Amino acid sequence: MSRRRVHDSYEDVYGADRGYKKRRRGGSESNDLEDRLESLVLKVGENTTSTIESNLEGLASVLDGDIQNFKKKVLKLLVECAVNMPEKCTIYSTLVGLLNAKNYNFGGEFVENIVRSFKDSLKNNSWNEARVVLRFIGDLVNCHVVSASSFVQLMGSLLDVTKEDGVPNVRKDWYCYAVMSCLPWVGRELYEKRESPLEMLLTTIEVYLNKRPKKHVNMLRIWSTDVPHPQEEYLECLWNQVKKLKHDSWTETIIPRPYLTFDNVLCEALQHNLPPIVPPPHHNACVYPMPWVVYRMFDYTDVTDGHIMPGAHSIERFLVEEHLQQIIDMSCKNRKECATNLMNFVHKNKVPLEYCIVEVVFSLMFHQPKPKYLEVMFGSVFIELSKLSTNTMPLVLAQTTEILYSRIESMHVCAFDRFVSWFAYHLSNFKFSWSWQEWADCLALDPEHPKPKFVREVLQKAMRLSFYERMRDIVPPDFEPLLPEKPEPKFKYAIEKSTLPGQFLSNTLLTKIRNKTTPEDIIEILKEPLMSENGEIMEPADIGISNPTKVDAFVQTLLFIASKSFSHAFAAITKFINVFKALGETDDGQLQILRSTFDLWSADQQMLTVLIDKMLKTQIIECSSVANWIFSKDMIPEFTKLYIWEILSLTINKMSRHVDRLTRELNEAREKLRTTAAISNSSDDSDTETEKAEAKPRQSTTTTFGGQGVPMDVDDNVTEEMVERMEEKLEMAQADQKNLFLIVFQRFIMILSEHLVKCDTDDRPFDTYWYKYTVGRLQQVFLAHHEQVQKYSSTLEGLLFTQDLDIHILEVFHQFLALRS
């Protein structure tokens, strides 16, 4: 739907006397008028020289005059506006109300269309769209288009879902949330009409919320403590806000209600009863929104000047936050436009705007299981906001950073990672200027405490955006223990006359590779027995290629020669990929490749991460080997560093993308095979060549994978044998994926169980910084990859997360299961 904004007033289009009706409606002129009508509908309520009320009155007259000529177009356009511009909900509902008062039949047809849109949204699992449409239908009650009694019956029908048995709780949650989120709009109207069923609806909601399980909440919390702000689950928070709204006689101060101006006209209009709407039944393909915890960072005590922050349980807080999120959703592709729209928030004179924006953006950034947008988007929007509000936004962001730092001990590790990434990016755009000395308290703390860990990780991330010397210069001298190492290779064979077992081999490889020898020659050299510096064969003689010393000498030597840049390293790996694959034929060989790469680049986390990613892409190493390496004893000193989990995440993602790609290819092949068979059967049944020719254009078809239309050409010769081979390939990939998750979760269970047993034996608290961090990482794996892990939950429950497991570990698994239960 186009959202062009061309004209400033109705007179610009039609003239003050609306003489447009006398114009000849030729083909091109009729199309031009249709485009102008669309433009007027789209821009209604925006900043013009006239009021919203006069705009609505004028537009209603214009549309009413052309209803007969453009009825289908107007109906379609108004429904699209209701769906795609929820921030203008009351404006379009008022417009529909005015049109209904003028033309009852048109109002009835609109109600039919909007109800059809609601049903389609439910059927297509378009949950946010369905909620927006339901709210719009509720606002039509305020405009006397829809009868209050029929809308209450609709909400009652939706709430009946909460009484269903054998369906996921997330299904019940969404229907309950959809009804509650309508009440700020329509509650006052129902209250004033004394619609007794409203009390019954509220009772139904309360009964459901009281019996609803909440095991999943702890996994989704950003803060592990409710001090100073309670971290409420979204349904609980909205219910408290609705109860406060009811206590205030359903009166709020945020929602614009232009229909009140036309009450004397609208109240005379005939109303329409909604048809019975039964929610579509649940089936296994339904994917409902996951629950979340409402993020809170500020209250009225944090805002010292200007407007007062709405209370956590005021409906105004909900309405402001939702509207700001809508603005971000609508303009997220353009950071400047997004920042401008946020700063032009229509209610900016009622709330402390900068604080509200910052809290909403951080809530989106910290959202579990993962943010809706790339993390860099949030950082770039903050930068644009700082440019637009130079006197306020930088100060609010500085205050925010201090608040987050002061509460970082209770922050979930997922939020910790994103806080690190954002702050490093933000510093890089402001000359790395920060009052580091105010954080000097972290220097006296345990190195595993979140505060020194945060500073260390920020400096490490910031170095990726700058260089080592700059990091060394920006922090005070006493922060030196938290500085990252200088990112340079540690080539242990650099000393030519060292006594290392692989020294002679490394020297030989160094000379050969620099002289541009071939990979085949390198393989022959590696097959020779290891020799000492004096030329004697080292005992016992080993002519195998996968000897750990040989692997280490080759990997370190080659990557050291190519250590100048990423490009040099990639070129070297590509050239000698056959050597790498020969060395990594066994699991032990792959582990040694990883150990040697780490030994060389342990001081440069970014280079190490990029190299491992490259080795995964080129299939030098398998995903399972990376998981085993991360949880090995060699990596214990690195285990709580952020880059380790960056590597594990990219490893799991790579495996998941591989399985998804094979699944799509198999589905496409099956569809091609079915289409070919159908065309073949159609051709066999045809009696003439003409009929065969007519069937031919249907060979090209389109199917949908993940919401994307994928054109397919059935001229490709897909056979049943090819499909069978693809099925086998997919089964193998899924087996590898399952094995990867089994390895990861088994290692988590082993190290956590060992820690718990040791603490119990030594009679000391188990709840250490290491334990909290490790449990947080276990939760992170469950959350970040919940769609894939869910497929293997039964296997995990049967093999790993059994009832004899320590309750502290088992509880994490049960929390995960509760997310989709």
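Thresholds applied
Residues numbered from 1 in each chain as written. Predicted model: local features only at pLDDT ≥ 70, side-chain atom pairs only at ≥ 80, totals over all residues. Heavy atoms only, no water. Helix = DSSP H or I, 4+ residues; strand = E, 2+ residues; numbered from the N terminus. Buried < 20%, exposed > 50% of the residue type's maximum accessible area, 1.4 Å probe, protein only. Contact = heavy atoms within 4.5 Å. Lys, Arg positive; Asp, Glu negative; His and termini not counted. Charge placed at Lys NZ, Arg CZ, Asp CG, Glu CD. Phe/Tyr/Trp six-rings, centres within 6.5 Å; stacked < 30°, edge-to-face > 60°. Lys NZ or Arg CZ within 6 Å of the ring centre and 35° of its normal. Expected span 1.5 Å × (residues − 1). Axes fitted to C-alpha atoms, helices over the stretch in contact; angles between N-to-C directions. Parallel < 35°, antiparallel > 145°, perpendicular 65-115°, else oblique. Left-handed = near helix turned anticlockwise from the far one by under 90°. 1 Å grid on protein atoms, 1.4 Å probe; cavity = no way out; pocket = protein on both sides within 12 Å on 5 of 7 lines; lining within 4 Å. Points joined across faces, edges and corners; volume = space filled by probe spheres on them. Nonpolar A, V, L, I, M, F, W, Y, C, P; charged D, E, K, R; others polar. Bend = angle between axes of the 7 residues up to and from the residue.

Draft legend 1. Region of interest: the overall build of the protein. The helix and strand tally for the protein stands at 36 helices and two strands. Dimensions of the protein along its principal axes, counting C-alpha atoms only, are 105 × 85 × 55 Å. Taking all 821 residues of the protein together, 53% fall into the buried category. Contacts in the protein between residues far apart in sequence, at least 24 positions, make up 75% of those at least 6 positions apart. For the protein, the centre of its 94 positive side-chain charges and the centre of its 114 negative side-chain charges are spaced 3 Å apart.

Draft legend 2. Spotlight on the packing of aromatic side chains. Going through the model one piece at a time under the given rule, you end up with 51 aromatic pairs. Consider the rings of Trp 422 and Phe 423, whose centres lie 6.0 Å apart with planes at 40 degrees: the pair is tilted. Here Trp 422 matches Phe 423 in class, with each residue buried. With a centroid separation of 5.2 Å and an interplanar angle of 65 degrees, the aromatic rings of Phe 554 and Phe 580 are classed as edge-to-face. Of this pair, Phe 554 sits in helix 24 (residues 548-561) while Phe 580 sits in helix 26 (residues 577-583), and the two are 26 residues apart along the sequence. Given the relative accessible area of 0%, Phe 554 is considered buried. With relative accessibility at 0%, the residue Phe 580 sits in the buried group. The ring of Trp 185 carries the charged tip of Arg 135 above its face, separated from the ring centre by 3.8 Å.

Draft legend 3. Up close: helix 36 (residues 807-819). Here helix 36 contains 13 residues, and its C-alpha end-to-end distance of 18 Å stays within 8% of the 18 Å for a straight helix at 1.5 Å per residue. Looking at the buried residues of helix 36, the elements they touch are helix 9 (169-192), helix 11 (217-220), helix 32 (720-761), helix 33 (769-784), helix 34 (786-791) and helix 35 (793-799).

Draft legend 4. Representation of the packing of helix 9 against helix 10 (residues 197-211) in the model. With their axes 11 Å apart at the nearest point, helix 9 and helix 10 run at an angle of 150 degrees to one another. Relative to helix 10, the element helix 9 lies roughly antiparallel. The handedness of the crossing between helix 9 and helix 10 is left-handed. Residues Asn 169, Lys 172, Asp 173, Cys 176, Val 179, Met 180, Leu 183, Gly 187, Leu 190 and Tyr 191 of helix 9 form the contact with helix 10, whose own contacting residues are Leu 198, Leu 202, Ile 205, Tyr 208 and Leu 209.

Draft legend 5. Structural context of the layout of surface pockets. Estimates place the volume of the largest pocket at around 1700 Å³. Around the largest pocket, the lining comprises 50 residues; the ones closest to its centre are Asn 128, Trp 292, Gln 325, His 367 and Lys 372. Contributing elements (two or more residues each) for the lining of the largest pocket: helix 4 (67-84), helix 7 (127-142), helix 9, helix 12 (234-247), helix 14 (315-331), helix 16 (353-365) and helix 34. A per-element tally of the lining of the largest pocket places helix 14 first, with seven residues. Grouping the amino acids of the lining of the largest pocket by side-chain chemistry returns 27 nonpolar, 10 polar and 13 charged.

Draft legend 6. Quick look at the side chain of Ser 602. Summarising the element assignment, Ser 602 is placed in the loop between helix 27 (587-601) and helix 28 (605-617). Ignoring sequence-local partners within four residues, the contact set of Ser 602 consists of Glu 485 and Lys 490.

Draft legend 7. Fine view of unusual backbone geometry. In this structure, Pro 228 follows Val 227 across a cis peptide bond, with omega equal to 5 degrees. Structurally, Pro 228 is set in the loop between helix 11 and helix 12. The step from Gln 368 to Pro 369 runs through a cis peptide bond, and the omega angle for that step is 5 degrees. Of note, the phi angle at His 144 is positive, near 60 degrees, even though the residue is not glycine. Within the secondary structure, His 144 sits in the loop between helix 7 and helix 8 (148-159). Unusually for a residue other than glycine, Ser 249 sits at a positive phi of about 60 degrees. Mapped onto the elements, Ser 249 comes out in the loop between helix 12 and helix 13 (263-266). Here Ser 249 falls in the partly exposed class, since its relative accessible area comes to 33%.

Draft legend 8. Region of interest: helix 9. Its 24 residues give helix 9 an end-to-end C-alpha distance of 33 Å, which sits within 8% of 34 Å, the value for a rise of 1.5 Å per residue. In helix 9, a bend of some 65 degrees at Trp 185 exceeds every other bend along the element. Burial within helix 9 is extensive, with 21 of its 24 residues counted as buried.

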